[in-house]
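Chain by chain, the residues run as shown.
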Amino acid sequence: MDQKKTGRFFKELRNEKGWTQEQLAEKLNVSGRTISRWETGNNMPDLDMLIEMADFYDVDIRELIDGERKSEKMNKDMEETVLKVADYSNEEKNRLMKKLHYFSWAGVITFIVFLVLDAMDLADTGITEHIASLCLGFSFGMLIVAVLYTSRHIYKFRAFKKRVFQQK
């Protein structure tokens, strides 16, 4: 896929409609800067956004990805398959975000417990020192998990985990 060519095609389609980047950004619920990045080929939209753009511009998704018009129209089966893939992708994102939400709250709560113990000067002696250390470590661990989930590294971690556990 030639991102620069695709970006030029995005710009061409937008100009054909007579829209500005800001107008299109508002229509697609993204920033004007995002539209600019798509049109320069620096970034590409997600699959669900490509589907929305294909509907808006009345072109096939293949045309958007290839960066040029095709003479034949996408058949219904292909379109349904692409829509199913987009739905699956959105469901996966929502599932991951729900997990991230739970992990984040667990980290926040344990950090608050640590802060309370520290403020009461209980984080330095006896069993409460161990509890405070556990809470601080757990909240830091949840921060690391949040960073993994918000980056693309979680997929690499999953693939590594599958390889390790399948070998045993």
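All figures in this text were calculated on a predicted structure; none of them were measured in a lab. (Residues numbered from 1 in each chain as written. Predicted model: local features only at pLDDT ≥ 70, side-chain atom pairs only at ≥ 80, totals over all residues. Heavy atoms only, no water.)

## Concerning the packing of helix α1 (residues 3-17) against helix α4 (residues 47-57)
- Put simply, α1 and α4 touch, their axes get as near as 11 Å, and they point 40° apart. Between α1 and α4, the angle falls in the class oblique. Handedness of the α1/α4 crossing: left-handed. Contact with α1, carried on its side by Phe10, Leu13, Arg14 and Lys17, involves Leu50, Met53, Phe56 and Tyr57 of α4 and no other residues of that element.
- Partitioning the contact of α1 with α4 into residue classes produces 6 nonpolar, no polar and 2 charged. (Axes fitted to C-alpha atoms, helices over the stretch in contact; angles between N-to-C directions. Helix = DSSP H or I, 4+ residues; strand = E, 2+ residues; numbered from the N terminus. Parallel < 35°, antiparallel > 145°, perpendicular 65-115°, else oblique. Left-handed = near helix turned anticlockwise from the far one by under 90°. Contact = heavy atoms within 4.5 Å. Nonpolar A, V, L, I, M, F, W, Y, C, P; charged D, E, K, R; others polar.)

## Details of the packing of aromatic side chains
- Tallied over the full model, the rule gives 3 aromatic pairs.
- An angle of 75° between the planes, with centres 4.9 Å apart, marks the rings of Trp19 and Phe56 as edge-to-face. Taken together, the residues Trp19 in the loop between α1 and α2 (21-28) and Phe56 in helix α4 connect sequence positions 37 residues apart.
- What makes Phe56 buried here is its relative accessible area of 14%.
- Ring pairing ties together the aromatic residues Trp19, Phe56 and Tyr57, which thus form one cluster.
- Above the ring of Phe56, the side-chain terminus of Lys17 is found at 4.7 Å from the ring centroid. (Phe/Tyr/Trp six-rings, centres within 6.5 Å; stacked < 30°, edge-to-face > 60°. Buried < 20%, exposed > 50% of the residue type's maximum accessible area, 1.4 Å probe, protein only. Lys NZ or Arg CZ within 6 Å of the ring centre and 35° of its normal.)

## Notes on the nonpolar core
- Formed by 19 residues in total, the largest nonpolar core has its most connected members in Leu28, Trp38, Met53, Tyr57 and Leu64.
- Contributions of two or more residues to this core are made by α1, α2, α3 (32-40), α4 and α5 (61-66).
- The element that contributes the greatest number of residues to this core is α4, accounting for 7 residues.
- Look past the residues within four positions of Met53 in its chain and what remains in contact with it is Phe10, Leu28, Trp38, Pro45 and Leu64.
- In this structure, Leu96, Leu100, Ala146 and Tyr149 belong to the second largest nonpolar core, which totals 6 residues. (Core = buried A, V, L, I, M, F, W, Y, C linked by side-chain atoms within 4.5 Å.)

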